[in-house]
Amino acid sequence: MDKSWMLKDRRSKDYEDGVEQFLNFAMIYARDLQSIRCPCRVCGNLKSQAVEEISNHLFFHGIDQSYQTWIWHGEAATRKAPPSGYAEDTFHRQVDSSPSNDVAETIEMVEAAYNYCTADPNEFRKMLEDAEKPLYPGCSDNTKLSALVTAFNFKARHQLSNTAFDELLKILGQLLPKKNEMPSSMYEAPKTMDTLGMENEKIHACPSDCILYRKEYKDATTCPTCKRSRWKLKKNSTEVRESVPAKVVWYFPLIPRFLRMYQLPKTTKNLTWHANERESDGKLRHPADSPAWKLVDHMWPDFGAEPRNLRLAISADGINPHSSLSSRYSCWPVVMVNYNLPPWLCMKRKFMMLTLLISGPQQPGNDIDVFLAPLIDDLKLLWDVGVEAFVAYRQQHFNLRVVLLWTINDFPAYGNLSGCKVKGYDACPICSEGTCLRRLKRGKKNIYVGHRKFLPINHPYRRLKKAFDGKQELGLAPSPLSGEEKKSIFFDLEYWKYLLIRHILDVMHIEKNVCESIIGTLLNIPGKTKDGISARLDLVEKDLRQELAPQVGEKQTYLPPACYTLSNVEKRRLCTTLSDLKLFPVAIRSVLPKEVRYAITRLCFFFNAICDKVVDVAKLDKIQSDICILLEKYNYVDLFIFDGCTHLRGS
């Protein structure tokens, strides 16, 4: 559509025809024919007027010339259509990763901000102008705000410091044509994006992780538990000391973001995908197919009857924001995942919400409950009472409630969040005090055995002795702890004690650790291999594989080759095949004997089975039985190869 009339003299015939053309277009897509948004310089699409009044405004005040995409009057933002033959999840993956969609996503973000805008209308108007203002005169592909979104994504993806990002902005400003809108400094850039109004709460914390200075401790200056001061002195560049919080936690409230999410028609429709479009054939394709989801529907039918109610999970882990290989600083983000969405959108960055950011340098450890308190308060409110939300897709209000289904963590974080022991002699969260353990004297590690207890009582492997540790297994699998024995802040949620699964191990961490152990051992990578002198001496003490015992010489200790020891030629062949085929079981086929590659291949099949997009529930018992046998058998045969994967039982 020709929009050149917007730049012409308001007294010209072209401008008059353009106004008529615009009003006709707007009336076609108007929901209310009596009142539509006025795009004049004064109203800026913030006020709705009668059509005759809009015509007068456009001649008296002129149209807002930055309003090049008429999103408030029916014109859609341009998006690429999916190529024919592509699956839906492939299309979504391409859309989310394509830089060409930054402008469309920015406008969508602005729409969401408008629909839930409580800030100054003038501030929002400025944001709208920035969203549609060309990056430089004549630029049709990028606006000021979309360029900033791209720049900040680049900063986060490549972990640029503020100084480096500031210099990058200056370089971009010099390279772009004159009169460009790119901010010239790091200080100016966030000011443009602040108008999006992402609410956050800065909460002071005790440096010993005892309390948060909120509620009854809001005005306290010292911790009532450890008596440490709330403040510390910091020296700035002018040698002046100032008092700053000793520790800070950032909390991003859930309710405003949930409400804003329901303002987007397309997103709102996706939030009911699990109820309206999900295929139900008895297989696991989505958390909605799980017994945990169905239990909530059964125990609280009023909650399950409303498909727009949200089912959530949170994930927490420590990261080093300074990109250092040392672990001197650990910052803990707590991220929320929304399971109402289709599986190809659940884990997209766009729909993952940062809810907490716990600053370091030390890990919160078992005191993480202290920092989770604001999040738990919001979750309790959203379960007990709910909040009124407006659904743009249906143009109606409803009472929104949410439930937290589980947490997703690696094994150490599992212990922090659940209140279980995950180290030492009682490290199994299922067996607890009945954990079967062997201490490796030379390697100074604990290995966890006794997996045959989880096999059926009449399984033939229970009676075997020689293939395992020389003993029959007559014990029974322990019953998981009910939850009353493991007390964490999550039990403040009314429903938490009834859930079938409360904490889930992140299979990515387990698979990565197992893969590194196997690859490092096969290639004999220094610092990564599990086959060393200590491991060989432990085998000798266990009276296993005596032919692998270290041979101590005058100058050096010789380790006899094992069945998995590869020559340099075989190592190169393994790496070449793996680089070309990306299939580990195929890569090891020509370099390892049958027994070793059989064990590794079965382990690969196990990870493929539990990570598949569609899981056959009928096969889960067989998968668990197979992995129990594999771990028990090879814990005694090759202790060092499978070191690190003996906690698979907990997943």
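Residues numbered from 1 in each chain as written. Predicted model: local features only at pLDDT ≥ 70, side-chain atom pairs only at ≥ 80, totals over all residues. Heavy atoms only, no water.

Okay, the overall build of the protein chain next. Counting its secondary structure elements, the protein chain contains 22 helices and 17 strands. Scored against the burial criterion, the 651 residues of the protein chain give a buried share of 44%. Across the protein chain, contacts joining residues at least 24 apart in sequence account for 59% of those joining residues at least 6 apart. Summed over all atoms, the accessible surface of the protein chain reaches about 34800 Å², with 53% contributed by carbon and sulfur. (Helix = DSSP H or I, 4+ residues; strand = E, 2+ residues; numbered from the N terminus. Buried < 20%, exposed > 50% of the residue type's maximum accessible area, 1.4 Å probe, protein only. Contact = heavy atoms within 4.5 Å. Areas by Shrake-Rupley, 256 points an atom, 1.4 Å probe, with all protein chains shown as cover.)

Relative to the assigned elements, His-73 resides in the loop between helix 2 (51–60) and helix 3 (88–97). Classification of His-73 as buried rests on a relative accessible area of 4%. Among the polar contacts made by the side chain of His-73, one reaches the main-chain carbonyl oxygen of Arg-37 at a distance of 2.7 Å. Those residues in contact with His-73, other than ones at most four positions away along the chain, are Phe-22, Phe-25, Ala-26, Tyr-29, Ile-36, Arg-37, Pro-39, Asn-45 and Tyr-67. (Polar contact = N/O pair within 3.5 Å; in protein donor to acceptor, adjacent residues only side chain to side chain.)

Moving on to helix 21 (residues 594–610). Given 3.6 residues per turn, any residue in an α-helix points the same way as the ones three and four places further on. Helix length check: helix 21, at 17 residues, gives a terminal C-alpha distance of 24 Å against a target of 24 Å (1.5 Å per residue), a fit within 8%. Within helix 21 the residues assigned to the buried category are Val-596, Ala-599, Ile-600, Thr-601, Leu-603, Cys-604, Phe-606 and Phe-607. (Expected span 1.5 Å × (residues − 1).)

Despite not being glycine, Lys-227 has its phi angle at roughly 65°, a positive value. Topologically, Lys-227 is positioned in the loop between strand 3 (201–204) and strand 4 (231–235). The exposure class assigned to Lys-227 is exposed, which follows from its relative accessible area of 60%. Even without being glycine, Lys-582 reaches a positive phi, approximately 60°. Secondary-structure assignment places Lys-582 in the loop between helix 19 (568–581) and helix 20 (584–587). In this structure Lys-582 comes out as exposed when scored by relative accessible area, which is 62%.

An order of 3-6-9-8-7-12-15 is seen for the 7 strands of this open sheet, with the pairing classed as mixed. Two strands bound the open sheet, and with one partner strand each, they are strand 3 and strand 15 (503–505). Sheet twist, expressed as the average angle between the axes of neighbouring strands with direction ignored, equals 25°. As paired strands, strand 6 (residues 248–251) and strand 9 (residues 353–358) are joined by 3 bridges and run antiparallel to one another. Note on strand 9: the bridge partner recorded for Val-249 is Ile-358. Sheet contacts for helix 15 (residues 368–384): strand 3, strand 6, strand 7 (310–316), strand 8 (332–338), strand 9 and strand 12 (402–409); angle to strand 9, the most-contacted strand, approximately 150°. (Pairing = 2+ DSSP bridges. Axes fitted to C-alpha atoms, helices over the stretch in contact; angles between N-to-C directions.)

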